[in-house]
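Here are the chains, one letter per residue:
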Amino acid sequence: MAIERTLSIIKPDAVAKNVIGKIYQRFEDAGLKVVAAKLVQLSALEAGQFYAVHKERPFYKDLVNFMISGPVMIQVLEGEGAIAKNRELMGATDPKKAAPGTIRADFADSIDANAVHGSDAPETAAVEVAFFFPGMNVYSR
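Quick caveat, the model's predicted, so the values are computed rather than measured.

Novice: It is not clear to me how the UniProt feature "binding site: ATP" (unreviewed entry) in the protein chain should be interpreted in this structure. Could you clarify?
Specialist: As recorded in UniProt, the feature "binding site: ATP" (unreviewed entry) lies at K11, F59, R87, T93, R104 and N114. Lining the largest pocket, out of the annotated residues just given, are K11, F59, R87, T93, R104 and N114. Given a relative accessible area of 42%, T93 falls into the partly exposed group. With respect to the helices, strands and loops of the structure, R104 is situated in helix 6 (residues 103–107). In this structure, R104 is in contact with M90, G91, A92, T93, P95, A98, N114, V116 and H117, ignoring residues within four places of it in sequence. At a separation of 3.0 Å, a polar atom in the side chain of R104 contacts the main-chain carbonyl oxygen of G91.

Novice: For this particular structure, what's the right way to read the nonpolar core?
Specialist: In a soluble, globular protein the nonpolar side chains are often hidden away together inside. With 19 residues, the main nonpolar core has L7, I9, M67, I74 and F132 as its most contacted residues. Secondary structure elements with two or more residues in this core: strand 1 (3–10), helix 3 (44–50), helix 4 (60–67), strand 3 (72–80) and helix 7 (122–132). The element contributing the most residues to this core is helix 4, with five residues. Once you skip the residues sitting within four places of it in the chain, F132 turns out to touch L7, I9, K38, L42, F50 and I74.

Analysis parameters
- Residues numbered from 1 in each chain as written.
- Predicted model: local features only at pLDDT ≥ 70, side-chain atom pairs only at ≥ 80, totals over all residues.
- Heavy atoms only, no water.
- UniProt positions renumbered as here; feature names shortened; annotations may be inferred.
- 1 Å grid on protein atoms, 1.4 Å probe; cavity = no way out; pocket = protein on both sides within 12 Å on 5 of 7 lines; lining within 4 Å.
- Buried < 20%, exposed > 50% of the residue type's maximum accessible area, 1.4 Å probe, protein only.
- Helix = DSSP H or I, 4+ residues; strand = E, 2+ residues; numbered from the N terminus.
- Contact = heavy atoms within 4.5 Å.
- Polar contact = N/O pair within 3.5 Å; in protein donor to acceptor, adjacent residues only side chain to side chain.
- Core = buried A, V, L, I, M, F, W, Y, C linked by side-chain atoms within 4.5 Å.

Right, here's the structure in full:
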């Protein structure tokens, strides 16, 4: 497998629960490295731009409002097959359908307050990493 980088966001609900360290431990235990990170309070403009792909969907406004409701921890993860590995660690979007032991099964409250975000493809990862970490080399080493 190739070394990849992917964007990961620990959302306001999980930050409020003080489980950043527990989630980071899962990344590291799975062989992923945190190569960039920052704790931020997103503005409505930033959250709206980041989730613009969902602008026409009925949940868009609620998603933006949720993402600005508290600080988020944003990180770039790197490792072999990082995108798929992170998505496996996260579990299904709906925590009720997420496999036991996944981040969402253990820390999420609902399909809306679902603890984490992760890029879904190499192209998406490149765009998402560049959005939050402009100028960072997003190509695999």
